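# Notes for the structure review
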Protein chains: 2
Amino acid sequence: MELHELIQSLKTDEGGKIVMVVSDGIGGLPLQPGGPTELEAASTPNLDQLAAKGVSGMSLPILPGITPGSGPGHLGLFGYDPLVFQIGRGVLEAAGIAFPVGPNDVCIRCNFCTIDENGLITDRRAGRIPTEESVEVVKLLENVKIPGVEVFVKPVKEHRFVVVFRGKGLGGNVADTDPQKVGAKPLDPVAKDAESEKTAQVAKEFFNQAVEILKGQPKANCLTMRGFAKKPSLPTYKELYGLDAAAIAVYPMYKGLASLVGMELVGSPASLQEEVEVLKENWNKYDFFFLHFKYTDSRGEDGNFEEKRKMVEELDKVMPEIASLIGPNDCLIVTGDHSTPAKMASHSFHPVPTMIVSDLARTDSCQKFGETEANNFGGLGHFQAIHLMPLAMAHANRLGKFGA
Amino acid sequence: MELHELIQSLKTDEGGKIVMVVSDGIGGLPLQPGGPTELEAASTPNLDQLAAKGVSGMSLPILPGITPGSGPGHLGLFGYDPLVFQIGRGVLEAAGIAFPVGPNDVCIRCNFCTIDENGLITDRRAGRIPTEESVEVVKLLENVKIPGVEVFVKPVKEHRFVVVFRGKGLGGNVADTDPQKVGAKPLDPVAKDAESEKTAQVAKEFFNQAVEILKGQPKANCLTMRGFAKKPSLPTYKELYGLDAAAIAVYPMYKGLASLVGMELVGSPASLQEEVEVLKENWNKYDFFFLHFKYTDSRGEDGNFEEKRKMVEELDKVMPEIASLIGPNDCLIVTGDHSTPAKMASHSFHPVPTMIVSDLARTDSCQKFGETEANNFGGLGHFQAIHLMPLAMAHANRLGKFGA
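## Section: unusual backbone geometry
- Backbone geometry places Ala 345 of chain A, a non-glycine residue, at a positive phi of 50°.
- Checked against the element boundaries, Ala 345 of chain A lands in the loop between β12 (331-335) and β13 (352-358).
- For Arg 128 of chain B, which is not glycine, the phi dihedral falls at a positive 40°.
- If you trace the backbone, Arg 128 of chain B turns up in the loop between β4 (121-123) and α6 (131-141).
- With 14 C-beta atoms packed within 10 Å, Arg 128 of chain B lands in the partly exposed category.

Put into structure tokens, the structure is as follows:
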């Protein structure tokens with residue numbers, strides 16, 4: 001029996017609420033052997049109090065030694081094995097602008113490029129056309145009409161935009177059209193399997209109409225298409241866990257990832273404090289809340305230990321407000337999708353300190369929230385991130401007994 | 001996606017060097033509850049210093065409770081699931097004398113035996129003929145010629161020798177010819193599948209010619225054949241990890257195992273100190289070094305706690321020289337292929353203390369190298385040995401990010 005089958009067979013309709021606070025890239029490294037990590041260097045009285053009340057452990061995002069990108073990192077936390085459910089680049093780009101990708105959608109990462117009078121590419125990024133300008137050019141492409149297929153065109157940034165074809169019988173397996181060099185024409189979209197023949201034709205038609213529309217544009221007079229992809233067939237949070245789930249995030253990428261698993265995007269928060277407000281406002285409407293905090297990752301990526309430490313302290317400040325919502329049946333999780341040590345200025349493979357606070361938690365000896373305490377004393381031990389959701393369900397009393 | 005696929009897709013061409021020191025059977029048991037293991041009883045200032053700088057953990061060679069032989073133990077450390085990649089006995093015997101087994105080779109463990117004038121076995125081991133004598137008899141068998149097949153005959157020890165048939169279309173699935181009792185004739189080699197028909201015929205022909213050649217030998221006048229096997233189809237270290245790998249070992253068995261995964265055998269060291277010299281001499285030529293130390297296992301197998309403790313101290317003495325080679329990007333591992341507690345005088349199933357020293361290691365609270373510290377505070381937790389190579393690659397900054 002597979003994990004998903006098991007969980008589906010055990011989920012109950014009752015139980016407490018679950019709040020999963022994901023502090024992106026929260027795990028870190030000491031600058032010197034024996035020194036504190038960013039999290040340990042931070043003053044976190046509230047997180048520490050919660051750790052003392054709850055149970056901690058170390059989450060392995062994928063497998064030992066494997067560094068995840070944001071997509072696989074979040075899929076793992078949501079309980080979907082990232083090695084099974086792989087998100088294609090086009091879908092990730094669409095998720096990155098919070099486009100609600102559906103099951104009949106083929107998503108494509110597109111670049112504006114510049115071609116000369118012979119149709120040969122002279123600039124593969126259309127002079128990195130500024131976003132303000134490309135937004136306007138993207139709007140023109142909304143005029144492309146293809147019978148039987150719904151077409152969405154959405155700006156991303158500078159020369160990058162997303163095209164989505166929605167329709168029946170569209171496979172996601174089409175080769176890139178970017179020739180990867182100047183002085184060549186964009187390639188024709190070629191299907192790599194029989195199911196994607198129609199997609200290739202639709203893409204060719206899109207290209208032809210687009211080039212007609214873009215004629216006369218000074219820079220963005222053509223386009224290339226890459227990363228054709230359909231959304232993997234993911235059961236929704238409702239199907240898998242029986243949970244009405246809400247996602248609260250500032251950045252589009254994380255909204256997009258949450259929407260891939262059927263979470264509803266609530267509010268339009270612009271800060272952590274606003275995210276907490278959205279959480280409070282929606283408390284009675286959902287069973288599960290994913291609350292994403294970006295800046296621990298951002299400052300880690302900057303290689304700035306001190307600023308990452310401060311971001312941890314920002315998170316710490318809102319914890320009492322979040323924790324005050326947690327009733328006797330409920331379950332609060334604090335974790336991260338991966339580590340982002342300032343020392344490495346990048347995502348890393350290191351396990352992620354994680355805690356679960358619930359009346360059902362078997363309290364361990366951890367008195368602080370941090371890598372060393374969680375590692376030395378964590379009652380959850382080292383576990384793969386895909387097991388966090390079953391643990392959450394269990395700690396919210398939402399899973400029945402397996403077997404009699 | 002499988003582990004090997006994943007690693008192959010993430011490996012980079014750059015990064016640091018990896019040194020894997022395998023102290024065979026290093027894990028042990030206390031003689032009394034609460035007492036130290038052999039490793040803990042030893043004075044190991046250098047290993048302890050490295051443990052304080054690095055990250056420790058407990059490696060499970062196969063699965064909890066499973067005691068590995070040397071073959072599966074090393075395959076696991078090298079990152080090949082020993083339950084998937086099984087090495088047949090014939091191949092293991094060939095590896096044990098460092099015979100370079102190729103993809104078209106069928107390897108067979110052979111025993112000299114003694115038959116009477118009726119062809120009935122009177123001694124299944126030819127009176128345990130001394131090695132000096134059997135080496136000469138094995139030489140006679142080099143005269144066997146079989147059209148279309150290359151034949152290798154190599155002495156092992158006493159009555160044991162190895163035969164290898166090299167050629168196309170030779171399957172490895174042939175039944176043993178040892179009747180397992182005296183008073184019976186050796187059985188005919190019988191193919192157990194269609195692909196092995198030719199092998200069975202070749203084996204019969206080998207047997208017939210051999211018996212002719214051995215006529216008149218006082219003891220070794222016949223032979224039995226067991227453990228017919230081909231090498232499993234293993235990706236090489238280069239293919240799997242992108243690593244140019246060197247193996248440094250005194251004993252043939254470990255050279256043979258390393259050559260199965262495509263490591264180059266360097267030097268002809270006869271002692272640990274000479275192994276370290278070979279490591280230094282070859283430092284610039286390879287990305288990965290497997291350095292094997294045998295005697296912790298040997299003294300454990302002898303049931304000699306005190307002597308095993310001393311062997312650990314021998315290992316400790318060379319650690320500074322090895323560690324001095326490790327630069328900021330490099331990664332040093334100390335581990336074992338299994339435990340060999342003197343208390344049991346045999347291989348055992350107990351997890352193996354393991355450490356990784358690297359600038360990317362998340363330092364843990366371990367201040368010594370030993371079972372208790374690694375278990376209590378090890379930042380690597382308990383992990384299956386097949387994950388050690390991905391961890392090594394990660395700690396040498398040789399793996400890219402999975403997904404965006």
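## Quick word on the domain arrangement of chain A
All names here are of chain A.
- Taken domain by domain, chain A holds domain 1 (3-86 + 234-395) and domain 2 (92-229).
- Domain 1 and domain 2 are separated by 35 Å when their C-alpha centres are compared.
- A breakdown of the residues in the side of domain 1 that touches domain 2 according to their chemical character gives five nonpolar, three polar and one charged.

## Focus: the nonpolar core
- Residues Ala 392 of chain A together with Ala 392 of chain B are the most contacted members of the largest nonpolar core, which totals 241 residues.
- For this core, the element with the most residues is helix α7 (residues 197-214) of chain A, which contributes seven residues.
- The residues touching Ala 392 of chain B, leaving out its near neighbours within four places in the chain, are Ile 18, Met 20, Cys 331, Ile 333 and Ile 356 of chain B.

## Here we look at the relation of the copies chain A and chain B
- Mapping chain A onto chain B is achieved by rotating through 124° and translating by 0.1 Å along the same axis, at an RMSD of 0.4 Å. Taken together, the rotation and translation describe the operation of a three-fold axis. Nearest to the rotation axis, the C-alpha of Asn 376 of chain A is located 3.4 Å from it, this being the minimum over chain A.

## Description of the interface of chain A and chain B
- Chain A puts 31 residues into the contact, and the matching count from chain B is 23 residues.
- Only β3 (67-68), α4 (70-77), α5 (89-96) and α13 (371-377) of chain A provide two or more residues apiece to the side of chain A that touches chain B.
- Sort the elements by how many residues they give to the side of chain A that touches chain B and α13 of chain A lands first, with four residues.
- Residue classes in the side of chain A that touches chain B are distributed as 16 nonpolar, 13 polar and two charged.
- Judged from the two bridges that link them, β3 of chain A and strand β14 (residues 401-402) of chain B form a sheet pairing that is parallel. Each bridged residue has a counterpart across the sheet, and for Pro 68 of chain A the counterpart in β14 of chain B is Phe 402 of chain B.

Rules used in this analysis
- Residues numbered from 1 in each chain as written.
- Chains lettered and ligands numbered in written order.
- Predicted model: local features only at pLDDT ≥ 70, side-chain atom pairs only at ≥ 80, totals over all residues.
- Helix = DSSP H or I, 4+ residues; strand = E, 2+ residues; numbered from the N terminus.
- Buried ≥ 20, exposed ≤ 12 C-beta atoms within 10 Å, placed from the backbone.
- Domains from an automatic or database assignment.
- Nonpolar A, V, L, I, M, F, W, Y, C, P; charged D, E, K, R; others polar.
- Core = buried A, V, L, I, M, F, W, Y, C linked by C-beta atoms within 7 Å.
- Contact = placed C-beta atoms within 7 Å.
- Least-squares fit on C-alpha atoms with pLDDT ≥ 70 in both.
- Pairing = 2+ DSSP bridges.

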